[in-house]
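Next come the chains, spelled out residue by residue.
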Amino acid sequence: MNVITKTVSLPDGRTISIETGKVAKQADGSVVLRMGNTVLLATVCAAKDAVPGTDFMPLQVDYKEQYSAAGRFPGGFTKREGKAGDNEILTSRLVDRVLRPLFPSNYHAEVYVNIMLLSADGVDQPDALAGFAASAAMACSDIPFECPISEVRVARINGEYVINPTFEQMKEADMDIMVGASADNIMMVEGEMKEVSEQDMIGALKAAMAAIKPMCELQTELSKELGTDVKREYCHEVNDEDLRAQMNTELYPKAYDVTKQALEKQARQEAFDKILADFQEAYDAAHTDLSEDELEEKHAEMERYYHDVMRDAMRRCILDEGIRLDGRKTDEIRPIWCEVSPLPMPHGSAIFTRGETQSLSTCTLGTKMDEKLVDDVLERGYQRFLLHYNFPPFCTGEAKAQRGVGRREIGHGHLAWRGLKGQIPEDFPYTVRLVSQILESNGSSSMATVCAGTLALMDAGVPMKKPVSGIAMGLIKNPGEEKYAVLSDILGDEDHLGDMDFKTTGTRDGLTATQMDIKCDGLSFEILEKALMQAKAGREHILKCITDTIAEPRAELKPQVPRIVQLEIPKEFIGAVIGPGGKIIQQMQEDTGATITIDETDGVGKVQVSAPNKDAIDAALGKIKAIVAIPEVGEVYEGTVRSIMPYGCFVEIMPGKDGLLHISEIDWKRLETVEEAGIKEGDKIKVKLMEIDPKTGKYKLSHRVLLEKPEGYVERERRPRPERGERGDRRPRGDRRPRGDRRPRGEQRHNEE
C-alpha cells in the first residue's frame, strides 16, 4: 500500500492534509482531506470511451453529507440519507462550475466526481474544502484535465480577510464569498455581502488567490509523485478539417451579417438555422455517393463547426464594430417596464421585464408556523425568508413537459435569495415567501428575479431597508489580443458564446451578492474592476426604474394579509401561557380563532399572535396579558369558582391563578357548608385579594369584605394556636414499653382475631 500524504498551511497557521493510496483504491482517483476534525473523501471515475453522438462534457458532481459524520441520525421514518438537500446541491454546483471548463473541449467521456463528508465537529465549514478535495482526486487520476484548482471561502471580519473561517467566526463577517481558481486564474466566485464596495470585493479575490496557489502546487507535486501527470489517450471526435475550413469560408460572412441585423431572439435563431440548413442541403446534393448514416455523421460535425462560426462572428462584431446581437452598445441596458399589483389576491405581486426576460413574482406573508425547518448535518434552525425560482419550458419557447425543480433552479433561486435577504428587517414579524415565475427568458432571469422580488416585497408592505437591483455582465476577450469588451445586461447567446457571466446585486450603497463564471485565461484585476464599476452603473439605472414604479414599501398591508402582534413576557410565565400539555394555549386559540406561538429568546418569552381580524388578536392578547399579570394585594377580581371543598372554595382570579376563599370569608354570617351560600362550581364571584403568602405564594381571598357589614356585628375571637413549647406534658421516653417486648404487628393482629 503506497500511502502518500501532503500538507498545506492556511495564512493563519491551520493545516489541510491530503492523503491518497489508503482507501477507495479502485476509483480512478481518490483522496482523503483532513482539516481539524473535518474529513472528506473525494473520488473520481471516468468511462474509457464516450457514448456515440455525445458532443458535450457529461460531468456529474455529487457532494453528500453523512449524518453519522456529526454523530446524528437522519430524520424521517427510514432514518437514512435520502435525496440531496439544497445545501448539498449548491456545494455540488460550486465544484462543477470550476472543474467543467478545465476538461479538453473534445473530451466527452462520462466523468463522475463524488465528495462525501465523513467527519465534522461543527467548527470548520466543509463546503469550502470540497473543491480542493475534488481537484486533488483528479490530480491522482489519469483523466485528461488542464490544471489543478482549489476553492476557499473568504470572509471579512473586523476589516480583515480570513480564509476558510469557522462557523463561529462567520457570525461577525460582513462578506462571505467562495472563490474557485487555478494557480493563475480565477474561475468562479459566488457569495453574499453586507453592502460592501467593489474595491473590497477585489481585495477578497486577491486574498483568495494567494491562499489557493500553494494548494494547486501541492496537487502538481502529488500528480508527479504518482506518475499521473501523464494523462490517458482518447479520441472522442472525428473531424473533417476540410469541411471545417469550407464552412468557415462560406458561412462566416452570412453569420456576421445576421449578427449585425439586431434581430429579436426567435428571428435571429431562425436566421442562423436557415444558414446551416441551406449549407447542409447543398452539401447533401453534392455528395450523393454518401449513405444516409454517413450524411448524418457529417451533419453532426457541421453543427459543431457552425457553432464555432457563430461564436467567432458574434465576438468579432463586438470587438471590431462595437455592435451586439440586439444592436445595443456594450454598456447599454435593454428597455425595462415594471408593474406592481398585477394580481388582486396575493399579498404582493409584480412584473419585471427587461428586454426579452420577464419575471412574475409574488410575495406571501405568513406566521411563525410557516417558517422553513432546516435540518442539515451541520445546520439546524428555521428560515423566515424563502425564495423559490421556477423556470418553465415555455419561457424559452420549448415544447416539453415541466418536470421537478432542477439544480439550476435551486442555484438561481439561492443567488436571488442571498441578494435580498439582508434587506428584510430582523424584527419584521412575518415569514416571507417570494416565488418568481420566469415567463420569458433571454439572459439573466435570476437578476430579473431580484428586481421583481424587490417590487413584490414593497408592494406587500414589507419594510425593506433599501431596494435591491441586479445585473448580469459579460466579457469578450480573445487569447493573445489586448482588445476586449465588457458587456452590460447580457443576452443568453452572449452568455453562451462569451467568456464571462458575472452577476451582481446591490443597493445604492453597495454589493449584496455576486456570482461569476469565467471561461478565459489571464483575466486581470483591472478588467475585473472595470466590469464591476460598469455593473454598478447598470444596477443604478435599473434601480431607478424600480423606484419610479414604487418609491417605497406600502405603508399598510393589504386587507387579505393576516395581522400579527408581538409581545414579550417574563421567562417564568412561558409555562403558564402554554399550560400542561399545551392545554391553555390551545384553549386560547380555540376560543379566539387566533394563532399563538411562543419562543424563549435571550432570556425572555417572545409571543406572536396572528389572526385575520383585530378582534381576534385583541381577545387573545387579553387572555395572555391576564396570565402574565401579577395579582396585587387589595385589588378586587371577578373570579370563577373552580372547585368546592369542605373548608371553602378555590376561585380562579386570573387564568392559571387560583386562590382559596375560606368558608369564613364568604359571608359575615357563620356558614356550615359552602353550599349554604349558594355557590356552585363555574359560578362567577367577586373577591378581594387579602394576602399573598410570602413562602408559598398562595393567594388568600375574601368575598365578605365586599359586603356591607351587619350592624352590631362582633368578630368572633379566634382561639390562639398553642406554641410548640406549650403542648401538654409528654410521657418520658423512659416510661415507654421496651421495643423488645413488642410483638410484630402481624402477630398481634392475628392473636386479636
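See the structure above.
Residues numbered from 1 in each chain as written. Predicted model: local features only at pLDDT ≥ 70, side-chain atom pairs only at ≥ 80, totals over all residues. Heavy atoms only, no water.

*Asks:* I'd like to hear about the overall build of the chain, residue by residue, with values.
*Replies:* Within the chain, the regular secondary structure consists of 15 helices and 29 strands. Since a compact globule built from 753 residues should have a radius of gyration of about 27 Å, the 38 Å found for the chain marks it as more spread out than a globular shape. For the chain, the spread of C-alpha atoms along the principal axes amounts to about 130 × 70 × 55 Å. The proportion of buried residues among the 753 residues of the chain is 48%. (Helix = DSSP H or I, 4+ residues; strand = E, 2+ residues; numbered from the N terminus. Rg over C-alpha atoms; globule rule 2.2 N^0.38 Å. Buried < 20%, exposed > 50% of the residue type's maximum accessible area, 1.4 Å probe, protein only.)

*Asks:* Can you explain the sheet that holds strand β22 (residues 563-570)? Please cite residues and give values.
*Replies:* Across the sheet, which stays open at both edges, the 3 strands sit in the order β22-β24-β23 with antiparallel pairing between neighbours. Strands at the two margins of the open sheet, each flanked by one partner only, are β22 and β23 (595-601). Direction aside, the axes of adjacent strands within the sheet are offset by 20° on average. In terms of strand pairing, β23 meets strand β24 (residues 604-611) through 7 bridges, oriented antiparallel. By the bridge assignment for β24, Glu-600 is matched with Gly-605. (Pairing = 2+ DSSP bridges. Axes fitted to C-alpha atoms, helices over the stretch in contact; angles between N-to-C directions.)

*Asks:* Any chance you could break down unusual backbone geometry for me, citing the residues and the numbers?
*Replies:* Among all residues except glycine, the phi angle is most often negative; among peptide bonds, the trans geometry is most common. One non-glycine residue, Ala-24, lies in positive phi territory at about 50°. In this structure, Ala-24 sits in the loop between β2 (15-20) and β3 (29-35). Judged by relative accessible area, which is 32%, Ala-24 ranks as partly exposed. Positioned with a positive phi, Asn-164 is a non-glycine residue whose angle comes to about 50°. Mapping Asn-164 onto the fold places it in the loop between β8 (160-163) and α3 (167-170). A residue is classified by how much of its surface remains accessible, and Asn-164, at 4% relative accessible area, is buried.

*Asks:* Break down the pairing of strand β14 (residues 372-375) for me, with residues and values.
*Replies:* Here β14 pairs with strand β15 (residues 380-383) via 4 bridges, running antiparallel. What sits directly across from Asp-375, in β15, is Arg-380. The turn linking β14 back onto β15 is made up of 4 residues.

*Asks:* Outline the pattern of salt bridges, listing residues and values.
*Replies:* The final tally for this structure, using the stated rule, is 55 salt bridges. The salt bridge involving Asp-176 is made with Arg-418; its shortest N-O contact spans 3.6 Å. In this pair, Asp-176 sits in strand β9 (residues 173-181) while Arg-418 sits in helix α8 (residues 407-421), placing the two residues 242 residues apart along the sequence. On the accessibility criterion, Asp-176 (14% relative accessible area) is buried. Judged by its relative accessible area of 12%, Arg-418 falls in the buried class. Between Asp-240 and Lys-298 there is a salt bridge, and its shortest N-O distance comes to 2.8 Å. Linking Asp-240 in the loop between α4 (198-226) and α5 (241-260) with Lys-298 in helix α7 (residues 292-321), this pair joins segments that are 58 residues apart in sequence. A single burial state applies to Asp-240 and to Lys-298, both of which are buried. Here the salt bridges do not stand alone but share partners, grouping Asp-127, Arg-153, Asp-176, Glu-192, Arg-418 and Lys-421 into one network. (Salt bridge = Lys/Arg side-chain N within 4 Å of Asp/Glu carboxyl O.)

*Asks:* Account for the state of the cysteines, with residues named and values stated.
*Replies:* A disulfide bridge is the covalent bond that connects two cysteines by way of their sulfur atoms. As enumerated under the stated definition, the model contains 0 disulfides in all. Free of any disulfide, Cys-140 has its nearest neighbouring cysteine sulfur in Cys-45, separated by 13 Å. Residue Cys-395 stays outside any disulfide, its sulfur separated by 17 Å from that of Cys-451, the closest cysteine. (Disulfide = S-S within 2.5 Å.)

*Asks:* Could you give an account of a nonpolar patch on the surface, naming the residues involved and the relevant values?
*Replies:* Taken together, Val-636, Met-690, Val-705 and Leu-706 make up a surface patch of nonpolar side chains, about 280 Å² in accessible area. By the secondary structure assignment, Val-636 is in strand β25 (residues 636-645). (Patch = residues over 30% accessible without salt bridge, like charges linked within 9 Å, V, L, I, M, F, W, Y side chains within 5 Å. Areas by Shrake-Rupley, 256 points an atom, 1.4 Å probe, with all protein chains shown as cover.)

*Asks:* I'd like to hear about the pairing of strand β1 (residues 4-9), residue by residue, with values.
*Replies:* Put simply, side chains in a regular strand alternate between the two faces of the sheet. Alternating positions in β1 separate cleanly, Ile-4, Lys-6 and Val-8 being buried on one face and Thr-5, Thr-7 and Ser-9 remaining unburied on the opposite face. Relative to β2, β1 is paired through 6 bridges, and the arrangement is antiparallel. The residue bridging Thr-7 from the neighbouring strand is Ser-17, located in β2. In this structure, the hairpin formed by β1 and β2 is closed by a connection of 5 residues, where Gly-13 is found at a positive phi of approximately 100°.

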